[in-house]
Structure formats: structure tokens, C-alpha cells
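Residues per chain are reported as follows:
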Amino acid sequence: MPSLRAMKMIRSAVLAAATVVLPVAASASVNIAIGVSVNTPPPPLPVYAQPACPGDGYLWTPGYWAWGPAGYYWVPGVWVRPPAVGVLWTPGYWGWGGSAYVFHAGYWGPHIGFYGGVNYGFGYTGVGYEGGYWRGSAFAYNRSVNNLGVVHVTNVYNRTVVVRNVERVSYNGGRGGLTVRASDREQVAFNERHYQPTSNQVAHEQAMRSNHMQLASYNHGHPQTMAVSRVGERQNVQQQRVANGVRSGELTSHETRSIENNEARVHQQVHNERAANGGQLDQQQRQQVNREQNHVSNQIDRDKHNDRERK
């Protein structure tokens, strides 16, 4: 039986294998739950390490499988600033809607709602959130499930979290899916006032949508980038890929120089555009930078595969 959330958000019958991609507004998620459906479930959740929190006031949003024209793609977990003090992130999830798997978009709200019972890790055990709570206007972090690194965080505590669902299943209902149902408390949370995903979260998902190495059909469930410290960190991730390629011998010195020159050009482009735009990038500039970063990412992948062919 469809969940309360599905009944509220799905205004018409969902057609199997039909995918509707709606225009993306600055405050809306790329995968709006209305009409987004797929006839096959998403892959299992990959196992990954959480990057260190970049600073006080950031909240962890776990990675998830999203859907695009080329199929499922992984959106890395990332630390983000919430849209308001006192709100928490309820992750999105895939659920069986009776004839297809439907994506229920995540949202910000004063309490954690239902997210399919999916154990996303790092405090998101499948029910509620054990990673921290708001203490007045400041967020208190549970060190036992958060990687706080060496950053100075004002409010920290230690509380052991018992995880009963250790499965990597990434969807609710259907064949092989989780059987958890929304509690009364989660249904109340769903009906509270919500904030949609922030513009940074939307930009993050869009960037991964156009990166073919995040596609499940390409990476077979093992994405190239599983988590990042904050939105816009792709250049650091790609520099690490280059370093790994040099150490393994997959990249020659000529290939490395070419990649680094292209990375430097993108970095300079971002620097110049931020300087000319009050330290910010507009939507068109972000899209252009994303295309350039995709070009560098594809170059790294292509050059590594060239090494295999030479052998």
C-alpha cells in the first residue's frame, strides 16, 4: 500500500518505466517526487567513509541514488549548511508505489520524517537521526557517528548508536525492499512546514547527473566519488584521482601535465568569475564550470584506460 507520503505527493497514477524530469527551480529538488518513477529498483548503497566536517554549522546529508536520462546515478554525501536554524534533513528515498519505484524527495524540517527505513549511515539509521541535535541556535554533534576531523566545533558529545538494520538495501517495498512503514510521529513530521533542498544541494545533484562516472551502468554500483566535504569540492577529488593514477603508473608524465593544466585553467576561471561577481557564481557560471570539470574528469578516466590498452 502506498505510504502517506506517496498519497500526498503523487497526484496521478504512476506509470511503470515512465520518467518525468521537471524543470529545476533554485529551491526545488531535481528529483521531484511527483511522477518520477522507474520499473527497476536502485542498486545497493555503496560503503564509503564520511569526509571531515568543514566547520561549525554544517549538517551531513547522506549520499543516494538518483535517476536521470541515462539511469541511476550516485549523488555523493556532503556537508551542507541548513536553510534555517533548528531544521534537520530528512533524506529522500525510493519506494514501491504499486506499479513502479517512486522517488520521494528529501526536505528540511523541525523533525525527521519517514525515509523508508533506509540505513544511510552516519546517524541516519533508518529511523530518525542520531548524528546531533539543535541546542538553541547551535548544532551539537555526536562524535561517535560524525567525522569532525581537526575542525573546531563548539558543541560535541559522545553517544553510542545501535544500528539494527545493517543492510545496504536502498529502497522500500517491492521485491527485496525494506518493509518498514511510517510511524505516527514520522507522519506528523511530514505534515510540518518544510524547506526544500538548498540551491547548493540542487547544484550538487545536477553536477553528478552530468558525470557519467557516477552512473550505476558505468560504475556497477561503485561510484568514482562517493562523498565530498562540501559542494564544489570536485577539483580536490579529481586531484586525488590524478595522484592515485601517477602512483599506480596509469598516468604518464605527459598525461599528468595535460590534466593539471586543464585543472588550473578551470580553477583560474572560477577565481576570475567569483572576483567579478562579488565572490559568487550565478547559475549559468556554475553550469559552465561543471561542464569544464566533467571534461577534466573524462580526460582522467580516458587516459587511465589508455594505459590499460598500452599494456
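For every chain, the first residue of the written sequence is number 1, and numbering continues from 1 along that sequence. Selection of residues for local features in this predicted model requires a pLDDT of at least 70, selection of side-chain atom pairs for listing and counting requires 80 or more, and totals for whole chains, interfaces and linings are taken over all residues. Computation of side-chain values: all heavy atoms of the structure, hydrogens and water removed.

Trainee: I'd love a proper account of the environment of Gly 95, names of residues and values included.
Mentor: Here a helix means four or more residues in a row that DSSP labels H or I, a strand means two or more in a row labelled E, and each is numbered from the N terminus. With respect to the element layout, Gly 95 can be found in strand β7 (residues 93-96). A relative accessible area of 5% means that Gly 95 is categorised as buried. For the pair Gly 95 and Gly 173, spaced 78 residues apart in sequence, the C-alpha separation works out to 5.8 Å. Between buried and exposed lies partly exposed: a residue is buried under 20% and exposed over 50% of the maximum accessible area for its type, with that area taken using a 1.4 Å probe on protein chains only.

Trainee: Go over the confidence of the model for the chain, please, and point to the residues and values.
Mentor: pLDDT expresses how confident the predictor is about each individual residue, on a scale running from 0 to 100. Taken as a whole, the chain shows an average pLDDT of 81; of its residues, 77% reach a score of 70 or greater. We call two residues in contact when some of their heavy atoms are within 4.5 Å. Within the model, pLDDT remains below 50 along residues 1-35, and this stretch shows 80 contacts once partners closer than five positions in the same chain are excluded.

Trainee: Describe the side chain of Thr 61, with residues and values.
Mentor: Locating Thr 61 in the fold gives a position in strand β2 (residues 59-61). Of the polar contacts made by the side chain of Thr 61, one reaches the backbone oxygen of Val 78; its length is 2.7 Å. If sequence neighbours within four positions are ignored, Thr 61 has contacts with Gly 77, Val 78, Val 80, Trp 89, Trp 108 and Gln 201. Each polar contact in these results corresponds to two N or O atoms within 3.5 Å; when the atoms are within protein, one needs to be able to donate a hydrogen and the other to accept it, and residues that are neighboring in sequence are counted only if both atoms are side-chain atoms.

Trainee: Any details on the sheet that holds β2? Residues and values, ideally.
Mentor: The strands making up a sheet associate through hydrogen bonds between their backbones, and the pairing can be parallel or antiparallel. Here, a strand pair is defined by DSSP locating no fewer than two bridges between the strands. On the basis of which strands lie adjacent, the open sheet formed by three strands has the order β2-β5-β14 and mixed pairing. Only two strands of the sheet have a single partner each, and these edge strands are β2 and β14 (227-230). Adjacent strand axes in the sheet meet at a mean angle of 20°, parallel and antiparallel pairs treated alike. Bridge count between β2 and strand β5 (residues 77-80): three bridges; the pairing is antiparallel. For Leu 59, the partnering residue across the bridge sits in β5 and is Val 80. Think of each axis as a best-fit line through the C-alpha atoms, taken over the contacting stretch in the case of a helix, with angles from 0 to 180 degrees between the N-to-C directions.

Trainee: Report on the sheet that holds strand β12 (residues 156-157), specifying residues and quantitative values.
Mentor: Reading across the sheet, the three strands line up as β10-β11-β12 and stay open at both edges, with mixed pairing between neighbours. Here the strands that pair on one side only, and so sit at the sheet edges, are β10 (132-135) and β12.

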